[in-house]
Amino acid sequence: MFLKVLGAFLVVLSCSRLGVYMAARLSERRGLLKKIRVMVIHLRGEILYANAPLYEGFQKAGRRAGGREGLLFETVSEQLLKEQGKEFFAIWQDAVTSYLPQTPLIKEEGEQLLAFGEHLGYLDREMQERTLSLYLEELEREMEELNQEIAQKGRLYTSAGILTGLFLAVIFI
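Residues numbered from 1 in each chain as written. Predicted model: local features only at pLDDT ≥ 70, side-chain atom pairs only at ≥ 80, totals over all residues. Heavy atoms only, no water.

(A) Here's a closer look at the packing of helix α4 (residues 88-99) against helix α5 (residues 107-118). Remark: α4 packs on α5, axes separated minimally by 8 Å, with the N-to-C direction vectors making an angle of 160°. If you check the angle between α4 and α5, you find them roughly antiparallel. Crossing handedness for the pair α4 and α5: right-handed. From α4, F88, F89, W92, Q93, V96, T97 and Y99 reach across to α5, where they touch L113, L114, F116, G117 and E118. A breakdown of the residues in the contact of α4 with α5 according to their chemical character gives 8 nonpolar, 3 polar and 1 charged. (Axes fitted to C-alpha atoms, helices over the stretch in contact; angles between N-to-C directions. Helix = DSSP H or I, 4+ residues; strand = E, 2+ residues; numbered from the N terminus. Parallel < 35°, antiparallel > 145°, perpendicular 65-115°, else oblique. Left-handed = near helix turned anticlockwise from the far one by under 90°. Contact = heavy atoms within 4.5 Å. Nonpolar A, V, L, I, M, F, W, Y, C, P; charged D, E, K, R; others polar.)

(B) Quick peek at the packing of aromatic side chains. As enumerated under the stated definition, the model contains 7 aromatic pairs in all. Each ring, one from F58 and one from F73, has its centre 4.8 Å from the other, and the planes form 55°; the classification is tilted. Here F58, found in helix α2 (residues 54-65), pairs with F73, found in helix α3 (residues 67-82); they are 15 residues apart in sequence, far enough to count as distant. For F58, a relative accessible area of 0% gives the class buried. By relative accessible area, which is 1% here, F73 ends up buried. On the basis of an interplanar angle of 55° and a centroid distance of 5.7 Å, the ring pair of F58 and W92 is categorised as tilted. Of this pair, F58 sits in helix α2 while W92 sits in helix α4, and the two are 34 residues apart along the sequence. By the ring-pair criterion, three or more aromatic residues cluster together here, those being F58, F73, F88, W92, F116 and Y135. (Phe/Tyr/Trp six-rings, centres within 6.5 Å; stacked < 30°, edge-to-face > 60°. Buried < 20%, exposed > 50% of the residue type's maximum accessible area, 1.4 Å probe, protein only.)

(C) Region of interest: the pattern of salt bridges. Under the counting rule described, the total for this entry stands at 11 salt bridges. Here E46 ties to K60 by a salt bridge, and the two come within 3.8 Å at their closest N and O atoms. Remark: K60 occurs in helix α2 and E46 occurs in helix α1 (residues 2-48); sequence separation between them is 14 residues. Residue E46 is classed as buried on the basis of its relative accessible area, which comes to 8%. Its relative accessible area of 35% is what places K60 among the partly exposed residues. We note a salt bridge from E149 to K153, for which the minimum N-O separation is 3.8 Å. (Salt bridge = Lys/Arg side-chain N within 4 Å of Asp/Glu carboxyl O.)

(D) Structural detail: a nonpolar patch on the surface. Nonpolar side chains collect at one region of the surface, where F2, L3, L6, F9, L10 and L13 lie side by side and expose about 670 Å² of accessible area between them. Position of F9 relative to the elements: it lies in helix α1. (Patch = residues over 30% accessible without salt bridge, like charges linked within 9 Å, V, L, I, M, F, W, Y side chains within 5 Å. Areas by Shrake-Rupley, 256 points an atom, 1.4 Å probe, with all protein chains shown as cover.)

(E) Focus on unusual backbone geometry. A positive phi is found at N51, a non-glycine position, where the angle reads about 55°. Mapped onto the secondary structure, N51 falls in the loop between α1 and α2. The exposed category is assigned to N51, whose relative accessible area is 52%.

The quantities given are spatial measurements derived from coordinates; they are silent on function.
Printed below as a string of structure tokens:
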């Protein structure tokens with residue numbers, strides 16, 4: 001009998017933890033999008049107001065941000081200096097595709113991040129400003145949708161995890 005109760009408790013606990021994990025993943029996505037937005041704002045400031053070249057803008061924005069996201073920008077900066085004959089988008093694509101599997105971003109957000117670099121490297125300053133502004137608008141829209149999703153699904157995931165655990169525990173006992 002003790003083993004059945006212990007097993008039921010472990011099932012409820014693990015299902016509850018899964019629900020909490022799924023809700024936390026949504027919050028983690030929101031935090032990552034906020035950090036990317038801040039880095040793009042810093043990049044825009046470096047390019048537009050400090051008249052820094054692209055590699056320097058990425059380097060400074062990456063150093064300010066720190067963490068994995070900052071490392072992405074710093075890697076792009078280093079690759080721009082090393083491989084001067086290579087197109088910016090190819091460098092951006094390589095860096096982002098190796099970065100995305102480590103993040104909680106969904107497919108559409110990853111595609112937006114890739115598309116951001118597609119128009120950034122080869123245009124004049126005005127078009128770069130428009131590209132940066134457009135991506136910032138997309139990030140804002142994505143974050144609004146994510147905030148609504150968190151409000152709707154955050155408690156749902158947690159509650160569903162607990163209830164699923166209880167349901168499975170009753171079935172097993």
